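# Secondary and tertiary structure notes
Spelled out, the chains give:
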Amino acid sequence: MANSSSVREFLLLAFADTRELQLLHFALFLGIYLAALLGNGLILTAVACHHRLHTPMYFFLLNLALLDLGSISTTLPKAMANSLWETRAISYQGCAAQVFFFVLLFGSEYYLLTIMAYDRYVTICKPLHYGSLLGSRACAQMAAAAWGSGFLNAVLHTANTFSLPLCQGNAVDQFFCEIPQILKLSCSDAYLREAGLVVFSVSVLFGCSVFIVISYIQIFRVVLRVPSEQGQHKAFSTCLPHLAVVSLFISTAMFAYLKPSSISSPYLDLVVAVLYSVVPPAVNPLIYRMRNQELRDAMRTMVEYTILQRIRL
């Protein structure tokens, strides 16, 4: 029997057993990772460099891009390296770091999406109070609160999870260190303490979901009263990208953690984990770019300027 003091490394779930499939998975995830880096990097650069995008909505979008970059960088590079070098190992410290940063970034992102829903609500339902409710100081404080709440959540979960004695081996049935999979290795009733924390965190996220739903009910009620079709289109164009990102985030995470145990299997869990941890950070920039004309124009201007500068050199 192994315990937490004797576990020096964990064995992650491999994407494939054959060398050819391992290299195929490496190439596929490398493409996804580079697309996520490019898409989120373009958003960061566009928002930072274009003064007309220095508004609360784009400030929060910049934070979202940072969180997406961090979350996909926490899980995918290690999985790609393992596929490339034909190994499954991750050190105990590396596993703890993965759990900490994933919980930090995952939680902070959902808190930020909740704040972005509030931003859209104030913009459309209370436009005359926008300046007073969402000034630069208030925006900075809300963003700091999202990051700070995620940090506190990550510290609690990581400390609780890695204080548990482990006696079920060191094989984690996931391609990254995920709390539910590590809890399966515990041999102590102390895991109930972490389970209680998980329930509390889920309750907080559920509260955020209720706030988002209520915000959008109010938003749609106001938008549908707008007499001009152009006004409705403009309002929807600023809300639909955020709503699509929230829907993708919630649906993939809910399926991952609430699917019936009767249909659970290591490889289904693997696919679902990819859907909620890899797909949203890669797809979010595409959603915002497709639906937001201002962002598209800023990115086009930035790319054209970069190409022109290279031609001159």
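Right above here is the structure, for reference.
Keep in mind the model is a prediction, meaning the values are calculated, not measured.

## Topic: the pattern of salt bridges
Applying the stated rule across the entire model yields two salt bridges. With a shortest N-O distance of 3.8 Å, Glu 86 and Arg 19 are connected by a salt bridge. Of this pair, Glu 86 sits in the loop between α2 (56–85) and β2 (89–91) while Arg 19 sits in helix α1 (residues 19–49), and the two are 67 residues apart along the sequence. When its relative accessible area of 53% is taken as the criterion, Glu 86 is described as exposed. Of the residues examined, Arg 19 reaches a relative accessible area of 28% and is grouped as partly exposed.

## Comments concerning the state of the cysteines
What the rule picks out here adds up to one disulfide. Note on cysteine connectivity: Cys 95 is disulfide-linked to Cys 177, with sulfurs 2.0 Å apart. The chirality of the disulfide connecting Cys 95 with Cys 177 is left-handed, given an S-S dihedral of about -125 degrees. With Cys 95 in helix α3 (residues 92–125) and Cys 177 in the loop between α5 (136–161) and α6 (179–183), this residue pair connects regions lying 82 residues apart in the sequence. Cys 95 gets classed as buried once you look at its relative accessible area, which sits at 0%. Cysteine Cys 49 shares no disulfide, and the gap to the nearest cysteine sulfur, in Cys 139, comes to 20 Å. Cys 125 takes part in no disulfide bond, and the closest cysteine sulfur to it belongs to Cys 239, at a distance of 8.5 Å. On the accessibility criterion, Cys 125 (23% relative accessible area) is partly exposed.

Reading the values: the criteria
Residues numbered from 1 in each chain as written. Predicted model: local features only at pLDDT ≥ 70, side-chain atom pairs only at ≥ 80, totals over all residues. Heavy atoms only, no water. Salt bridge = Lys/Arg side-chain N within 4 Å of Asp/Glu carboxyl O. Helix = DSSP H or I, 4+ residues; strand = E, 2+ residues; numbered from the N terminus. Buried < 20%, exposed > 50% of the residue type's maximum accessible area, 1.4 Å probe, protein only. Disulfide = S-S within 2.5 Å.

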